[in-house]
Amino acid sequence: MNTNFDLSVLWERLEKVRSLTFVAESFGTGSGWNGRGAGPVSVEAVDSVTLLFYETGQWSPPEGSTLNFTNVFRWSALLDQSLIRLEHLRFGRMNPVYLFDLQQTSESRWDSVEPHVCSDDFYTAMLECQQDQLHLDWTVKGATKNERIRYIYA
């Protein structure tokens, strides 16, 4: 593996994020996840290994009204393991919802170490650095879900 794009370089890219766009797709499940979203991202460096992403914006389903959204995600660098962890803070900082750990699999790509299991659903992700953007591609698969969410952070 070429380590020119190591954890420290990825971390610098995460610190520079200021906006997001995403496309959510549901494949044959009728979950209603289809749509597009966009908005600003405010990044807070809690310490040298923890970043908080405060995401706000608007989400537009193919049919219906545009909705406002807010999310808070915590990115943590697990330096001893050379991993990046992503957690959703929908229940606050003291009760994070673990999503996945990412490991470097190529010069500019990071993949889930293993799927995150939530009830009957399996969450996986791939993060890829492309020019000045970070592409985070999530999949959620389960008995009633077959979803893909493609984030672009800039």
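Refer to the structure presented above.
What this report covers is the structure whose coordinates are included nearby. Computed from a predicted model, the values in this text were never measured in an experiment.

1. Re the pattern of salt bridges
Item 1. Evaluated as defined, the whole model comprises 7 salt bridges.
Item 2. In this structure, Arg-150 engages Glu-25 in a salt bridge whose closest nitrogen and oxygen atoms are separated by 3.4 Å. Highlighted residues: Arg-150 in strand S11 (residues 146-153) and Glu-25 in strand S1 (residues 19-26), separated in sequence by 125 residues.
Item 3. Among the residues examined, Glu-25 registers a relative accessible area of 23% and is labelled partly exposed.

2. Examining the environment of Arg-109
Item 1. Looking at where Arg-109 falls in the secondary structure, it is placed in strand S7 (residues 109-112).
Item 2. The class for Arg-109 is partly exposed, based on a relative accessible area of 31%.
Item 3. Residues Arg-109 and Met-126, 17 residues apart in the sequence, show an inter-C-alpha distance of 7.2 Å.
Item 4. In this structure Arg-109 touches Gln-103, Gln-104, Met-126, Leu-127 and Glu-128, once residues within four positions along its chain are discounted.
Item 5. A distance of 2.9 Å separates polar atoms of two side chains, one belonging to Arg-109 and the other to Asp-111.

3. Some details on the layout of surface pockets
If you roll a probe as big as a water molecule over the atoms, it shows you where there is empty space left.
Item 1. Considering only enclosed or pocket space, the largest pocket measures out at about 500 Å³ in volume.
Item 2. The greatest single-element share of the lining of the largest pocket, amounting to 5 residues, is contributed by strand S4 (residues 67-78).
Item 3. For the lining of the largest pocket, the residue count by class is 15 nonpolar, 4 polar and 1 charged.

4. Re unusual backbone geometry
Item 1. In this structure, Ser-82 takes a positive phi of about 55° despite not being glycine.
Item 2. Structurally, Ser-82 is set in the loop between S4 and strand S5 (83-88).
Item 3. Residue class for Ser-82 comes out partly exposed when judged on its relative accessible area of 44%.

5. A closer look at helix H1 (residues 7-15)
Item 1. Taken together, the buried positions of H1 are occupied by Leu-7, Leu-10, Trp-11 and Leu-14. Projected down its long axis, H1 carries its buried residues within an arc of 100°, all on one side.

6. Side note on the pairing of strand S9 (residues 121-130)
Item 1. Bridge count between S7 and S9: 3 bridges; the pairing is antiparallel. Note that in S9 the partner of Asp-111 across the bridge is Met-126.
Item 2. With 3 bridges connecting them, strand S8 (residues 116-118) and S9 associate as antiparallel partners. Bridge pairing in S9 links Cys-118 to Asp-121.

7. Things to note about the packing of aromatic side chains
Item 1. Evaluation of the coordinates by the stated rule reveals 8 aromatic pairs.
Item 2. Ring geometry for Phe-22 against Phe-69: centres 5.5 Å apart, planes inclined by 75°, an arrangement best described as edge-to-face. Within this pair, whereas Phe-22 is found in strand S1, its partner Phe-69 is found in strand S4, the two being separated by 47 residues in sequence. The burial state of Phe-22 is the same as that of Phe-69; both residues are buried.
Item 3. Ring geometry for Phe-100 versus Trp-138: centroids 5.3 Å apart, planes at 80°, classification edge-to-face. Highlighted residues: Phe-100 in strand S6 (residues 97-106) and Trp-138 in strand S10 (residues 133-141), separated in sequence by 38 residues.
Item 4. When its relative accessible area of 0% is taken as the criterion, Phe-100 is described as buried.
Item 5. Overall, Trp-138 belongs to the buried group, its relative accessible area being 8%.
Item 6. In textbook terms, an aromatic cluster arises when at least three aromatic residues are bridged by ring pairs, as seen for Phe-22, Phe-53, Phe-69, Phe-73, Trp-75, Phe-100, Trp-138, Tyr-151 and Tyr-153.

Thresholds applied
Counting of residues starts from 1 at the beginning of each chain's written sequence and follows it residue by residue. Per-residue local features are limited, in this predicted model, to residues with pLDDT of at least 70; the limit for side-chain atom pairs, both in listing and counting, is 80 or more; totals at the level of whole chains, interfaces and linings are taken over all residues. In computing side-chain values, all of the structure's heavy atoms are included and hydrogens and water are not. Salt bridges are identified by distance alone: a Lys or Arg side-chain nitrogen within 4 Å of an Asp or Glu carboxyl oxygen. Numbering of helices and strands runs from the N terminus; a helix is a DSSP stretch of H or I covering at least four residues, while a strand is a stretch of E covering at least two. Whether a residue is buried, partly exposed or exposed follows from its accessible area with a 1.4 Å probe, protein chains only, as a fraction of its type maximum: under 20%, in between, or over 50%, in that order. The contact criterion used throughout is that any non-hydrogen atoms of two residues lie within 4.5 Å. Two N or O atoms count as a polar contact when they lie within 3.5 Å, although within protein this holds only if one can serve as hydrogen donor and the other as acceptor, and sequence-adjacent residues are included solely when both atoms are side-chain atoms. Put simply, the grid is 1 Å and covers the protein atoms alone, a cavity is a trapped set of points that fit a 1.4 Å probe, a pocket is an open set with protein on both sides within 12 Å along at least five of seven lines, and lining residues have an atom within 4 Å of a point. Grid points are joined across faces, edges and corners, and a volume is the space filled by probe spheres set on the points. We call Asp, Glu, Lys and Arg charged. Ala, Val, Leu, Ile, Met, Phe, Trp, Tyr, Cys and Pro are nonpolar, and the rest, Gly among them, are polar. Each direction from the helix axis to a C-beta atom contributes to the arc, which is the arc of those directions. Here the rule is simple: two strands pair whenever DSSP picks up at least two bridges between them. Centres within 6.5 Å are what make two rings of Phe, Tyr or Trp a pair, Trp counting through its six-membered ring; a difference in plane orientation under 30 degrees is then read as stacked, over 60 as edge-to-face, and the rest as tilted.

Spatial relationships are all this shows, so hold off on functional conclusions.
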